[in-house]
Every structure is written in structure tokens, then in C-alpha cells.
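Next come the chains, spelled out residue by residue.
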Amino acid sequence: MALQVGIVGLPNVGKSTLFNALTAAKAEAANYPFCTIDPNVGVVTVPDPRLEKITQFIKPQSVVPTTMEFVDIAGIVKGASQGEGLGNQFLSHIRQTDAIVHVVRCFDDPNIIHVSGSVDPLRDMEIINTELMLADLDTVDKRYQKTHKVAQSTSDKKIKAEYEVLKKLKAALEEGLPARSVQFDEVTELPIAKELHLLTMKPVLYACNVSDTDFAAGGNDWVRSVEKRAAEEGNTALMICSAMEAEIALLPPEERPEFLAAMNATEPGLNRLIREAYKLLGLYTFFTAGVKEVRAWTIRKGYKAPQAAGVIHTDFEKGFIRAETYHCDDLFQYKSEQAVKDAGKYKLEGKEYIVKDGDVMFFRFNV
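## Some remarks on the sheet that holds strand β1 (residues 4–8)
1) Next: Across the sheet, six strands lie side by side as β2-β4-β1-β5-β6-β7; this open sheet has mixed pairing. Two strands close off the open sheet at either side, each with one partner strand: β2 (40–45) and β7 (236–240). Within the sheet, the average angular offset between the axes of one strand and its neighbour, ignoring direction, is 25°.
2) Next: Here strand β6 (residues 204–209) pairs with β7 via five bridges, running parallel. Within the sheet, the bridge partner assigned to N209 lies in β7 and is I240.

## Describing the nonpolar core
1) Next: Judged by nonpolar contacts, the single largest core of 57 residues is most densely connected at L22, M68, F70 and L273.
2) Next: With sequence-adjacent residues up to four places away left out, F70 is seen in contact with V5, I7, F19, L22, N40, V41, G42, V44, V101, I274 and A277.
3) Next: Counting residues in hydrophobic clusters, the runner-up holds 19 residues, among them V140, A151, L169 and L196.

## Here's the deal with helix α4 (residues 121–153)
1) Next: Relative to the 48 Å expected for 33 residues at 1.5 Å per residue, α4 spans 48 Å between its end C-alpha atoms, a close match to the ideal helical length.
2) Next: Of all the bends in α4, the largest measures some 35° and sits at T147.

## Details of the environment of D315
1) Next: Relative to the helices and strands, D315 resides in helix α13 (residues 314–318).
2) Next: A relative accessible area of 28% means that D315 is categorised as partly exposed.
3) Next: The spacing of D315 and R272 is 43 residues in sequence and 35 Å in space, taken between C-alpha atoms.
4) Next: Those residues in contact with D315 that lie beyond four places of it in its chain are F365 and V367.

## Describing the packing of aromatic side chains
1) Next: Scanning the model with the defined rule gives seven aromatic pairs in all.
2) Next: With centroids separated by 6.5 Å and ring planes inclined at 15°, the aromatic side chains of F286 and W297 adopt a geometry described as stacked. Taken together, the positions of F286 in strand β8 (residues 283–289) and W297 in strand β9 (residues 293–300) put the pair 11 residues apart, joining distant regions of the chain.
3) Next: The rings of F286, W297, F320 and F363 are connected pair by pair, giving a single aromatic cluster.
4) Next: Between K170 and the ring centre of Y144, over which it is positioned, the NZ or CZ distance is 5.2 Å.
5) Next: Its guanidinium or amino end placed over the ring of W297, R295 lies 4.2 Å from that ring's centre, counting from NZ or CZ.

## With respect to the layout of surface pockets
1) Next: When its volume is computed, the largest pocket comes out at roughly 1,100 Å³.
2) Next: Taken together, 38 residues make up the lining of the largest pocket; nearest its centre are R180, T200, M201, K202 and P203.
3) Next: Listed by contribution, the elements that provide at least two residues to the lining of the largest pocket are α4, α6 (190–195), β6 and α8 (221–233).
4) Next: Looking at the lining of the largest pocket, the element that brings in the most residues is α4, giving five residues.
5) Next: Broken down by class, the residue content of the lining of the largest pocket amounts to 17 nonpolar, 11 polar and 10 charged.

## Re the side chain of K170
1) Next: As for its placement among the helices and strands, K170 is situated in helix α5 (residues 157–174).
2) Next: Every residue in contact with K170, bar those within four places of it in the chain, is listed here: L137, V140, D141 and Y144.

## Some details on the pattern of salt bridges
1) Next: The tally for this structure, following the rule as stated, stands at 16 salt bridges.
2) Next: Among the salt bridges present, the one from R50 reaches D48, with a minimum N-O distance of 2.8 Å.
3) Next: Residue E164 is joined to K167 by a salt bridge in which the shortest nitrogen-to-oxygen separation is 3.5 Å. You can see E164 and its partner K167 sitting in helix α5, three residues apart, about one turn around the helix.
4) Next: Note on E164: relative accessible area 32%, which makes it partly exposed.

## A short note on the side chain of N235
1) Next: Take N235: it is sitting in the loop between α8 and β7.
2) Next: A distance of 3.0 Å separates a polar atom in the side chain of N235 from a polar atom in the side chain of E233.
3) Next: Ignoring sequence-local partners within four residues, the contact set of N235 consists of R180, V204, Y206 and A230.

## Looking at the confidence of the model for the protein
1) Next: Within the protein, residue pLDDT values average 89, and 91% of them lie at 70 or more.
2) Next: Under a pLDDT of 50 for its full length, residues 25–37 has, in the predicted model, 37 contacts with residues more than four places off or in other chains.

## Concerning the pairing of β9
1) Next: Examined bridge by bridge, strand β3 (residues 62–64) and β9 share three bridges and lie parallel to one another. Considered in β9, the bridge of V64 is made with R295.
2) Next: Between β8 and β9, which pair antiparallel and follow one another directly, the connecting turn spans three residues.

## Remarks on unusual backbone geometry
With the exception of glycine, the majority of residues adopt a negative phi angle, and the majority of peptide bonds are in the trans configuration.
1) Next: In this structure, N12 is a non-glycine residue whose phi angle is positive, near 65°.
2) Next: You can see N12 is positioned in the loop between β1 and α1 (15–23).
3) Next: Judged by its relative accessible area of 12%, N12 is buried.
4) Next: You will see that H197, though not glycine, has its phi angle at about 55°, which is positive.

Reading guide: rules and limits
- Residues numbered from 1 in each chain as written.
- Predicted model: local features only at pLDDT ≥ 70, side-chain atom pairs only at ≥ 80, totals over all residues.
- Heavy atoms only, no water.
- Pairing = 2+ DSSP bridges.
- Helix = DSSP H or I, 4+ residues; strand = E, 2+ residues; numbered from the N terminus.
- Axes fitted to C-alpha atoms, helices over the stretch in contact; angles between N-to-C directions.
- Core = buried A, V, L, I, M, F, W, Y, C linked by side-chain atoms within 4.5 Å.
- Buried < 20%, exposed > 50% of the residue type's maximum accessible area, 1.4 Å probe, protein only.
- Contact = heavy atoms within 4.5 Å.
- Expected span 1.5 Å × (residues − 1).
- Bend = angle between axes of the 7 residues up to and from the residue.
- Phe/Tyr/Trp six-rings, centres within 6.5 Å; stacked < 30°, edge-to-face > 60°.
- Lys NZ or Arg CZ within 6 Å of the ring centre and 35° of its normal.
- 1 Å grid on protein atoms, 1.4 Å probe; cavity = no way out; pocket = protein on both sides within 12 Å on 5 of 7 lines; lining within 4 Å.
- Points joined across faces, edges and corners; volume = space filled by probe spheres on them.
- Nonpolar A, V, L, I, M, F, W, Y, C, P; charged D, E, K, R; others polar.
- Salt bridge = Lys/Arg side-chain N within 4 Å of Asp/Glu carboxyl O.
- Polar contact = N/O pair within 3.5 Å; in protein donor to acceptor, adjacent residues only side chain to side chain.
- pLDDT = per-residue confidence, 0-100.

Quick look at the structure:
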């Protein structure tokens, strides 16, 4: 399941530095706007302590974590929706992603130019959010104009439903509200809205980029203002120091705990960012576990057993018979699969079983 999270923000807020730390890639990080023109894509592993813990009880030949993709998208400037800078190109890159990490500059450094001349996180957030909404309004308005006349003279239920969706979206966006704020009927309207691939329909996570000093101190007033605004929007904000994370990524593993302790941290901030992005997308992890391999797999929340099997291979879903499953917590408690079975925690599940986050599964299928 290839899922992408786009890293967006104004120029010089620390997006590419964060991306480099996330993926150990070498995206150019320069002190001027538009240094990133083509989006850089990197695959990162999703940190999950449960995976390593499973291997304490099932000794595999290999361990494979689940992954997700991050896309470093060039800085957006005011007027991007009207083509300012390289706006239209960048907005199209965001459109291809599943969720957005919006990096907000919450540090002051006279050596790093701010595109607007001063540090003001709420203003910066407003610029990006407004540009995304204006781009969406343009998309919706064009579709609305085409659908409006037809909807008045047809009995086609699909066209009428599309018109109602567009009317709701148009009203919200004209009021300065994101598309995700609109309430849709999940059966008839939501699929239509999703087909539009609107930018403000995507879930958002704000990443407050701070200096290492402010990170060690637990933040600053700028961070608290972003957290407050995010909460008002129903979104999440977290604090991160891109420069520090880039340093951690370059350290040998044995030296990282001491460095983190000095910064009053128990783990790299990237771990939390990745997990929050994973949660943002409504994703679960299930495991397959045997002597050959212990592996984590990504599914969407609500997947039934055959759908989960299909993530491994389409033949597993087509020929699904049943799933043998238990939860990883049962393994941690009883220490072996046999003990899990003896405790009555090992279950046989059919096609209607909804997979839980942390399930360990073995699929029976026939093709």
C-alpha cells in the first residue's frame, strides 16, 4: 500500500532539512526560495516497538518493518494558486499525496532569510491554507459551472448528487473553510468529493520547527500559538527541531541515547512525526510471524480479513478461506504461540472479521 505524505510550507522553514533527516536522502537544503523544484520522494520505516518485541518470542531469519513515503515539496509563496513562484506546479505535487505535514517556522535566525521578512507562524499558516483553499475553489467552481445547468434539467441521480456536493464545497470554500470541514453522506456524497482530489480535503499535521535551545526548553510562545490554532481547526501540532534531527540521523546508533538525553528527549522527534502521520491517514499495522520472517503490514482502519490478505498478495484475497489470528499483546503475555493457543486466544476468523491494529495473522487461501 503506497501512501504518501507531502511536506509543505513556505520557503526556508526547514522542510528539506526535515526530509533529509527522515529519509537520509540528500535533498538540497539551500538558503533561498525554490531550491527544491522537483519533489523528492523518500521511503521511511514506521517505528513500531511491537515488531522487535515479537522477535523475542518468534525467532525469524529476517524482520521487515512497514513503510510510508514522504514527499519534499518546494516552498509555496503567497499567490501560488494564481501561479506566483512555481505555484501551480507545486500544488499539483501536493494533489498526489494522501496527507500533509505543514512545517511552520517557529525559530528566529538572522542567517536564514524569511520570505515574508519576519517570523510569524500564524500568518505563515494562513498564507499556505489560503493558497490551498483558493486552488480548491478554482477546481470546484469550474466543475460547478459545468454541472449546474445539467443538474437542473436531468433526472440522473448521480449528476444531481455531484451537484449537491459541489454546492456544499463551493459555499464552504467561499467562506474560507477547508473542504474537510464539510459534512458529507458517507455512501452517496463522500466518494464524489474524494474524486475531486481537493488539497484541503487532505488531513493536516502541523510540525513546529524550533531551535535546539527551544526544543530542550519544551517549546516557545510561537509553538503554543500554533498548537492553539491547530486545536481550533481540529488538527494536531507537534514540535520538532529539523536541524537536531538531521544531526541525530548522522550519529552512530550507540551514540544517539546520550545525545537525546542531553536534549531532554527519549526518542528522535521523527519517530513521533512518522507515527502521527501514520495515525493521520487512519492506518493500522498487522503482522505475519514465522521462523522465516516477521513482517509488519499497513492497512486502513476498518479493513476486513480478506482485504488485509490482499495487501500481501491479490491471490490471498481472491481465494481467501479463513484467517488464523491472535493479538500481539497475547504473545507478549503468554510468551509463545502455543501458550496463546492453550489460553484460548488463537482464533479462526472468516470474511467478516475486522482486523485490529496489532493482530498477528496467518491466512488460509485457495486459488
